[in-house]
Amino acid sequence: IICSTPPLRKVGVKEQLSSEVKVSLNGVTYSLTSAGFEFVLPPTISKVSPVKGPINGGTVVTVTGKNFIIGADAMCKFGDTVVTGLVVSSSIISCIAPTHEATTVPVMVSINGGADYSAPGGMFQFRSALHVTSVLPTGALTDSSSMVTVFGSNFENSKELSCKFGAVISEN
(Lines give C-alpha, C1' and ligand atoms only; values in the text may rest on other atoms or scores of the structure.)
Protein backbone atom coordinates (compact mmCIF):
# COMPACT_ATOMS: atom_id res chain seq x y z
CA ILE A 1 0.00 0.00 0.00
CA ILE A 2 1.22 3.51 -0.75
CA CYS A 3 -0.10 6.24 1.53
CA SER A 4 0.18 9.99 1.18
CA THR A 5 1.29 11.88 4.30
CA PRO A 6 -1.27 14.38 5.55
CA PRO A 7 -0.28 17.96 6.37
CA LEU A 8 1.41 17.99 9.77
CA ARG A 9 -1.26 20.19 11.35
CA LYS A 10 -3.90 17.51 10.67
CA VAL A 11 -1.92 14.76 12.41
CA GLY A 12 -2.19 16.51 15.78
CA VAL A 13 1.57 16.56 16.22
CA LYS A 14 2.97 19.79 17.65
CA GLU A 15 6.49 19.86 19.11
CA GLN A 16 6.85 16.11 18.72
CA LEU A 17 7.41 15.41 15.04
CA SER A 18 7.15 11.63 15.25
CA SER A 19 4.05 9.58 14.67
CA GLU A 20 2.99 6.02 13.99
CA VAL A 21 1.57 4.54 10.82
CA LYS A 22 -1.28 2.01 10.89
CA VAL A 23 -3.44 0.61 8.09
CA SER A 24 -7.10 -0.27 7.70
CA LEU A 25 -9.14 -2.34 5.27
CA ASN A 26 -12.38 -0.49 6.02
CA GLY A 27 -11.40 3.00 7.23
CA VAL A 28 -12.74 2.22 10.72
CA THR A 29 -10.65 -0.51 12.30
CA TYR A 30 -6.89 0.01 12.13
CA SER A 31 -4.06 -2.46 12.60
CA LEU A 32 -2.90 -3.24 16.12
CA THR A 33 0.70 -2.98 14.98
CA SER A 34 2.33 0.12 13.59
CA ALA A 35 5.60 1.48 12.29
CA GLY A 36 7.33 4.65 13.38
CA PHE A 37 7.34 7.67 11.12
CA GLU A 38 9.00 11.03 11.53
CA PHE A 39 7.97 14.37 10.09
CA VAL A 40 10.91 16.70 9.44
CA LEU A 41 11.13 20.38 8.60
CA PRO A 42 11.74 20.95 4.89
CA PRO A 43 15.35 21.71 3.94
CA THR A 44 16.08 25.18 2.57
CA ILE A 45 19.08 26.35 0.57
CA SER A 46 20.70 29.73 1.12
CA LYS A 47 23.90 29.32 -0.94
CA VAL A 48 25.57 27.07 -3.50
CA SER A 49 29.38 27.20 -3.86
CA PRO A 50 31.03 27.21 -6.29
CA VAL A 51 28.39 28.35 -8.75
CA LYS A 52 30.04 26.93 -11.86
CA GLY A 53 32.01 23.93 -13.00
CA PRO A 54 32.96 21.88 -16.08
CA ILE A 55 30.48 19.90 -18.16
CA ASN A 56 32.45 16.72 -17.44
CA GLY A 57 31.38 17.00 -13.77
CA GLY A 58 33.46 16.27 -10.70
CA THR A 59 33.16 19.67 -8.98
CA VAL A 60 32.65 19.32 -5.22
CA VAL A 61 29.67 21.56 -4.50
CA THR A 62 28.85 22.83 -1.01
CA VAL A 63 25.17 23.53 -0.43
CA THR A 64 24.54 25.74 2.60
CA GLY A 65 21.12 26.00 4.20
CA LYS A 66 19.13 24.72 7.14
CA ASN A 67 17.15 21.71 8.34
CA PHE A 68 19.67 19.20 7.00
CA ILE A 69 19.74 16.00 9.09
CA ILE A 70 23.07 14.26 9.76
CA GLY A 71 22.83 10.64 8.65
CA ALA A 72 19.91 11.35 6.30
CA ASP A 73 19.72 9.82 2.83
CA ALA A 74 20.75 13.05 1.07
CA MET A 75 20.44 13.72 -2.64
CA CYS A 76 21.37 16.76 -4.72
CA LYS A 77 19.51 17.64 -7.89
CA PHE A 78 21.15 19.69 -10.64
CA GLY A 79 18.25 20.51 -12.95
CA ASP A 80 16.82 17.02 -13.59
CA THR A 81 20.04 15.12 -12.76
CA VAL A 82 20.22 13.54 -9.31
CA VAL A 83 23.43 12.68 -7.44
CA THR A 84 24.13 11.37 -3.95
CA GLY A 85 24.84 13.97 -1.30
CA LEU A 86 26.52 13.87 2.10
CA VAL A 87 25.11 15.76 5.06
CA VAL A 88 28.16 17.33 6.71
CA SER A 89 26.21 19.30 9.32
CA SER A 90 22.73 20.67 9.94
CA SER A 91 23.61 23.49 7.54
CA ILE A 92 25.91 21.87 4.92
CA ILE A 93 25.39 19.18 2.29
CA SER A 94 28.27 18.25 -0.01
CA CYS A 95 27.73 16.73 -3.44
CA ILE A 96 29.68 16.18 -6.63
CA ALA A 97 28.32 17.86 -9.74
CA PRO A 98 27.37 15.35 -12.45
CA THR A 99 28.27 15.49 -16.12
CA HIS A 100 25.85 17.80 -17.85
CA GLU A 101 25.42 19.80 -21.04
CA ALA A 102 26.58 23.42 -20.96
CA THR A 103 23.75 25.33 -19.29
CA THR A 104 22.68 26.86 -15.97
CA VAL A 105 20.39 24.76 -13.76
CA PRO A 106 18.68 25.13 -10.37
CA VAL A 107 20.10 23.19 -7.41
CA MET A 108 17.80 21.40 -4.95
CA VAL A 109 18.41 18.95 -2.09
CA SER A 110 16.54 16.05 -0.53
CA ILE A 111 17.02 14.56 2.92
CA ASN A 112 14.69 11.61 2.38
CA GLY A 113 16.28 9.76 -0.51
CA GLY A 114 14.73 11.87 -3.24
CA ALA A 115 11.09 11.49 -2.19
CA ASP A 116 10.85 15.27 -1.63
CA TYR A 117 13.13 18.12 -2.73
CA SER A 118 13.71 21.62 -1.42
CA ALA A 119 12.80 24.63 -3.48
CA PRO A 120 15.67 25.71 -5.74
CA GLY A 121 18.11 27.71 -3.65
CA GLY A 122 20.83 28.53 -6.10
CA MET A 123 21.96 28.04 -9.64
CA PHE A 124 24.92 26.06 -11.00
CA GLN A 125 26.45 26.79 -14.38
CA PHE A 126 27.96 23.93 -16.38
CA ARG A 127 30.67 25.32 -18.66
CA SER A 128 32.93 23.84 -21.30
CA ALA A 129 36.02 22.34 -19.68
CA LEU A 130 39.13 24.51 -19.43
CA HIS A 131 42.06 23.47 -21.63
CA VAL A 132 45.66 24.57 -21.15
CA THR A 133 47.78 24.31 -24.31
CA SER A 134 50.99 26.12 -23.31
CA VAL A 135 52.66 28.62 -20.97
CA LEU A 136 55.21 31.41 -21.52
CA PRO A 137 57.79 31.49 -20.16
CA THR A 138 58.13 27.75 -19.60
CA GLY A 139 60.27 28.20 -16.49
CA ALA A 140 61.32 30.72 -13.81
CA LEU A 141 63.97 31.19 -11.14
CA THR A 142 63.23 29.51 -7.81
CA ASP A 143 63.63 32.70 -5.79
CA SER A 144 61.50 35.01 -7.92
CA SER A 145 57.84 35.66 -8.61
CA SER A 146 57.49 35.70 -12.40
CA MET A 147 54.45 36.47 -14.47
CA VAL A 148 53.38 33.52 -16.61
CA THR A 149 50.96 33.73 -19.52
CA VAL A 150 48.73 30.67 -19.86
CA PHE A 151 47.31 29.86 -23.29
CA GLY A 152 44.29 27.66 -23.89
CA SER A 153 40.56 27.74 -24.36
CA ASN A 154 37.29 28.25 -22.50
CA PHE A 155 38.82 30.74 -20.04
CA GLU A 156 36.46 33.30 -18.53
CA ASN A 157 37.46 36.62 -17.04
CA SER A 158 36.34 36.32 -13.42
CA LYS A 159 37.69 36.88 -9.94
CA GLU A 160 37.63 33.11 -9.35
CA LEU A 161 40.02 32.41 -12.25
CA SER A 162 43.31 31.16 -10.80
CA CYS A 163 46.43 29.18 -11.64
CA LYS A 164 47.92 26.18 -9.88
CA PHE A 165 51.62 25.30 -10.07
CA GLY A 166 51.90 21.69 -8.90
CA ALA A 167 50.00 21.65 -5.59
CA VAL A 168 50.31 25.42 -4.99
CA ILE A 169 47.53 27.81 -6.00
CA SER A 170 49.00 31.15 -7.08
CA GLU A 171 47.70 34.54 -6.08
CA ASN A 172 46.45 36.57 -9.03
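For the structure given in this document, a descriptive report is provided here. Please read these numbers as outputs of a predicted model, since none were measured by experiment.

A few points about the overall build of the chain
So, point 1. On a plain count of helices and strands, the chain comes out with one helix and 14 strands.
So, point 2. In summary, the chain has a C-alpha radius of gyration of 24 Å against a globular reference of 16 Å for 172 residues, an excess of more than 25%.
So, point 3. Projected onto its principal axes, the C-alpha positions of the chain cover 85 × 30 × 20 Å.
So, point 4. By residue count, 22% of the 172 residues in the chain fall in the buried class.
So, point 5. In the chain, the share of contacts with a sequence separation of at least 24, taken over all contacts with a separation of at least 6, comes to 47%.
So, point 6. Surface accessibility of the chain: about 11,900 Å² in total, with carbon and sulfur atoms responsible for 57%.
So, point 7. Between the mean site of the 11 positive side-chain charges and the mean site of the 11 negative ones, the chain shows a separation of 8 Å.

Examining unusual backbone geometry
Glycine aside, the phi torsion of most residues is negative, and most peptide linkages are trans.
So, point 1. That bond from Ser-49 to Pro-50 is cis: its omega, -5°, falls within 30 degrees of zero.
So, point 2. Following the sequence through the fold, Pro-50 ends up in the loop between strand E3 (44–49) and strand E4 (52–54).
So, point 3. In this model, Leu-136 is joined to Pro-137 through a cis peptide bond whose omega is -10°.
So, point 4. In the Ramachandran plot, Asn-67 falls in the positive-phi region, its phi being about 70° despite a non-glycine side chain.
So, point 5. Along the chain, Asn-67 falls in the loop between strand E5 (60–66) and strand E6 (75–78).
So, point 6. The backbone of Asn-154 shows a phi angle near 70°, a positive value even though the residue is not glycine.
So, point 7. The residue Asn-154 is located in the loop between strand E12 (149–153) and strand E13 (164–165) in this model.

Looking at the sheet that holds E6
So, point 1. Strand order in the open sheet formed by eight strands is E3-E5-E8-E7-E6-E9-E10-E4, and the pairing between neighbours is mixed. Edge positions in the sheet fall to E3 and E4, since each has one partner strand and no second. The mean angle between the axes of side-by-side strands here comes to 35°, regardless of whether they run parallel or antiparallel.
So, point 2. For strand E7 (residues 81–89) and strand E8 (residues 92–96), the ladder comprises four bridges, and the chain directions are antiparallel. When the sheet's bridge partners are listed, Leu-86 is paired in E8 with Ser-94.

Looking at the environment of Gly-114
So, point 1. Residue position: Gly-114 is located in the loop between strand E9 (103–110) and strand E10 (122–127).
So, point 2. For Gly-114 and Cys-76, which are 38 residues apart along the polypeptide, the C-alpha to C-alpha distance reads 8.4 Å.

Some words on the nonpolar core
So, point 1. Of all hydrophobic cores here, the largest spans 19 residues; its most connected members are Val-61, Val-63, Phe-78 and Ile-93.
So, point 2. For this core, the secondary-structure elements that each account for two or more residues are E3, E5, E6, E7, E8, E9 and E10.
So, point 3. Here this core gets three residues from one element, more than from any other, and that element is E9.
So, point 4. If we ignore the near neighbours within four places in the chain, the residues touching Val-63 are Ile-45, Lys-47, Phe-68, Ser-91, Ile-92, Ile-93, Cys-95, Val-107 and Val-109.

How each quantity is defined
- Residues numbered from 1 in each chain as written.
- Predicted model: local features only at pLDDT ≥ 70, side-chain atom pairs only at ≥ 80, totals over all residues.
- Heavy atoms only, no water.
- Helix = DSSP H or I, 4+ residues; strand = E, 2+ residues; numbered from the N terminus.
- Rg over C-alpha atoms; globule rule 2.2 N^0.38 Å.
- Buried < 20%, exposed > 50% of the residue type's maximum accessible area, 1.4 Å probe, protein only.
- Contact = heavy atoms within 4.5 Å.
- Areas by Shrake-Rupley, 256 points an atom, 1.4 Å probe, with all protein chains shown as cover.
- Lys, Arg positive; Asp, Glu negative; His and termini not counted.
- Charge placed at Lys NZ, Arg CZ, Asp CG, Glu CD.
- Pairing = 2+ DSSP bridges.
- Axes fitted to C-alpha atoms, helices over the stretch in contact; angles between N-to-C directions.
- Core = buried A, V, L, I, M, F, W, Y, C linked by side-chain atoms within 4.5 Å.

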